[in-house]
Amino acid sequence: MTKTKMKIENVHKSFDQSSVLRGITTSISEKEATVIIGPSGSGKSTLLRCLNRLESINEGTIYLDDQSFMDIPIQKLRTRVGMVFQSFNLFPHLSVMKNLLLAPTKLQTSKSKDELMELGYSLLDKVGMKEKAESYPEELSGGQQQRVAIARALMMEPEVMLFDEVTSALDPERVNDVLETMKDLAKSGMTMVIVTHEMGFAREVGDKIIFMDQGVIVEEGTPEEVFGNSKEDRTKAFLRNVL
Ligand code: ADP
Ligand code: MG
């Protein structure tokens, strides 16, 4: 039995009068890749942002391990749950290594500068970017920048990593490098929640697939259950359009 890392109970979220998440209940298992799919506007990004409190929720509860989010200081929560976005947001005036060192030197920690540098090099190595430690973001391709952004998020040694359409802004020939990096991370046992339009990747890497539409989870299960044998008409219609 895998351990539950995050529990999401009856989460509701509205912006003004518009209800974007309408009672989301699910769980994220430790060391698994949970992949969220669904049409544009269905609330995927909003849900992901709720999972590290970039958005507050109107109703419901989210737990990390057995602790309610309300009992975890927000800065602490954000070091425990890391996030990577579609736009890489690297600091343009800082080298790759300095991008990696910025947050951990500001926020923490028990680690010395040397230890952080060592961690930085090992993470850059992990994403295939070690030789670019002294380069600046503008000297890198989009795919390379995104891999640096992943390494930067890993610097905080998060327990859970959230990925919101991290390949959507890349040139098609750069997409694979980033997907491979995420695959390696999944294999290494990282707990991941991934929003993606890459259905082949979702099917291959996902331990669990969640299909969302209009602020609710329509269906969830193994890749085989959701892709191979979907039960709901809305899921079937979505997959017909994207596959
Ligand atoms: P997805 O990621 O599945 O495309 P989002 O979570 O981005 O969906 O958006 C779901 C709905 O919430 C959309 O209708 C979007 O316009 C709305 N929404 C998202 N963020 C905000 C916000 N900050 N203010 C107002 N409406 C928002
Ligand atoms: Mg989105």
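See above for the structure.
If you're wondering where the values come from, they're calculated on a predicted model, not measured in any experiment.

A. Spatial organisation of the nonpolar core. Counting residues in each nonpolar core, the largest one holds 50 residues, and the members touching the most others are I37, I150, F163 and M182. Non-local contacts of I150, meaning those with residues more than four positions away in its chain, are made with V84, V127, M161, F163, V178, T181, M182 and L185. Grouped together as the second largest cluster of nonpolar side chains are 25 residues, I24, I28, V160 and V195 included.

B. Broad picture of the pairing of strand β4 (residues 59-64). Of the strand pairs in this sheet, strand β1 (residues 4-15) and β4 are connected by five bridges, and their pairing is antiparallel. By the bridge assignment for β4, I8 is matched with I62. Alignment of β4 against strand β5 (residues 67-68), held across two bridges, turns out to be antiparallel. Paired with L64 across the strands is Q67, a residue of β5. The hairpin turn running from β4 into β5, its antiparallel successor, is two residues long, and D65 in that turn takes a positive phi close to 50 degrees.

C. How the structure looks around the packing of helix α5 (residues 142-154) against helix α6 (residues 172-187). Where α5 contacts α6, the axes come no closer than 8 Å and their chain directions differ by 20 degrees. Of the possible angle classes, the one that applies to α5 and α6 is roughly parallel. The two elements α5 and α6 meet at a crossing, and its hand is right-handed. Across the interface between the two elements, G143, Q146, R147, I150 and L154 from α5 touch R174, D177, V178, T181, M182 and L185 from α6. Classifying every residue of the contact of α5 with α6 by side-chain character gives five nonpolar, three polar and three charged.

D. Representation of the site of ligand 1 within the structure. Around ligand 1 lies a shell formed by F15, V20, P39, S40, G41, S42, G43, K44, S45 and T46. In the environment of ligand 1, an oxygen atom lies 3.2 Å from a nitrogen or oxygen atom belonging to the backbone of S42. Backbone polar atom of G43 to an oxygen atom of ligand 1: 3.0 Å apart, as the coordinates give it. Contact with the protein chains hides 56% of the accessible area of ligand 1, taken as 560 Å² for the molecule alone. If you tally residues by element for the shell around ligand 1, the top one is helix α1 (residues 44-50), at three residues.

Scoring rules and cut-offs
- Residues numbered from 1 in each chain as written.
- Chains lettered and ligands numbered in written order.
- Predicted model: local features only at pLDDT ≥ 70, side-chain atom pairs only at ≥ 80, totals over all residues.
- Heavy atoms only, no water.
- Core = buried A, V, L, I, M, F, W, Y, C linked by side-chain atoms within 4.5 Å.
- Buried < 20%, exposed > 50% of the residue type's maximum accessible area, 1.4 Å probe, protein only.
- Contact = heavy atoms within 4.5 Å.
- Pairing = 2+ DSSP bridges.
- Helix = DSSP H or I, 4+ residues; strand = E, 2+ residues; numbered from the N terminus.
- Axes fitted to C-alpha atoms, helices over the stretch in contact; angles between N-to-C directions.
- Parallel < 35°, antiparallel > 145°, perpendicular 65-115°, else oblique.
- Left-handed = near helix turned anticlockwise from the far one by under 90°.
- Nonpolar A, V, L, I, M, F, W, Y, C, P; charged D, E, K, R; others polar.
- Near = heavy atom within 4 Å.
- Polar contact = N/O pair within 3.5 Å; in protein donor to acceptor, adjacent residues only side chain to side chain.
- Areas by Shrake-Rupley, 256 points an atom, 1.4 Å probe, with all protein chains shown as cover.

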